[in-house]
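One-letter residues, chain by chain:
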Amino acid sequence: MIRFTITTRFRAELVDITEQVRGVIFSSGIRTGICQVFTLHTTAGLTINENADPDVRSDILETLNRLVPWKADYRHTEGNSAAHVKALLIGSSVTVPVDDGRLVLGTWQGIYFCEFDGPRTRTVTVTVVGS
């Protein structure tokens, strides 16, 4: 397992971490197997989505903001309940097959760290299992 950090710049943003994950796979020497990416945070998530058009990231964040507004009648007194709910909806991990030493992603797919309570320094773990 390898850990790396991400420093986010905004309250909410999607950060493409595909290259960092590819680097971990390369360093592992695994040719065929599974790559699991996990975030250690309850106000952030991970997803796989389009990496060609940055407007998709904006659309995702705007939709999540409409579904889960920052200010609402939340009971959690820390003031970041919306970030917790968004993280719950997105999820805390993604799993991607590895073949011939490479992530098996579609042409337009990338792995995104989803920040919902930034800016912060966050930790991501990458575990690669295989042969």
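Every chain's residues receive numbers from 1 upward, in the order its sequence appears when written. Given that this is a predicted model, residues contribute local features only at a pLDDT of at least 70 and side-chain atom pairs are listed and counted only at 80 or more, while totals for whole chains, interfaces and linings are drawn from all residues. Calculated side-chain values reflect all of the structure's heavy atoms, with hydrogen atoms and water omitted.

Student: Now, about the pattern of salt bridges: what can you tell me, with residues and values included?
Tutor: When a carboxyl oxygen of Asp or Glu is within 4 Å of a side-chain nitrogen of Lys or Arg, the pair counts as a salt bridge. Per the stated rule, a full pass over the model turns up five salt bridges. Notably, a salt bridge pairs E19 with R22, separated by 2.6 Å at the nearest N-O pair. Of this pair, E19 and R22 are both found in helix 1 (residues 18-28), three residues apart, which corresponds to roughly one turn of the helix. Working definition: with a 1.4 Å probe on protein chains only, accessible area under 20% of the residue-type maximum means buried, over 50% means exposed, and in between means partly exposed. Classification of E19 as exposed rests on a relative accessible area of 54%. Members of the salt-bridge network, linked through shared partners, are R31, D100 and R102. Secondary structure elements are taken from DSSP: a helix is a run of H or I of four residues or more, a strand is a run of E of two residues or more, and numbering for both begins at the N terminus.

Student: Give me the lowdown on the sheet that holds strand 7 (residues 109-115), citing residues and values where you can.
Tutor: One requirement defines pairing of two strands: DSSP has to find at least two bridges between them. With antiparallel pairing, the three strands of this open sheet are ordered in space as 2-7-4. Whereas interior strands pair on both sides, the edge strands pair on one side only; in this sheet they are strand 2 (13-16) and strand 4 (44-50). Looking at each pair of strands side by side, their axes are set apart by 35 degrees on average, direction ignored. Across four bridges, the pairing between strand 2 and strand 7 is antiparallel. Each bridged residue has a counterpart across the sheet, and for L14 the counterpart in strand 7 is C114. Fitted lines through C-alpha atoms give the axes, limited to the stretch in contact for helices. The angle between two N-to-C directions lies from 0 to 180 degrees.

Student: With reference to specific residues and values, describe the sheet that holds strand 3 (residues 33-39).
Tutor: Strand order across the open sheet formed by five strands is 1-8-3-5-6, with antiparallel pairing between neighbours. The sheet is open, and its two edges are formed by strand 1 (2-7) and strand 6 (102-103), each paired on a single side. Here strand 3 runs beside strand 5 (residues 93-99); their pairing, made up of six bridges, is antiparallel. Pairing of Q36 across the sheet is with T95, part of strand 5. Contacts are assigned to residue pairs with any non-hydrogen atoms lying within 4.5 Å of each other. The strands touched by helix 1 within the sheet are strand 1, strand 3, strand 5, strand 6 and strand 8 (121-130), with strand 8 carrying the most contacts at an inclination of about 40 degrees.

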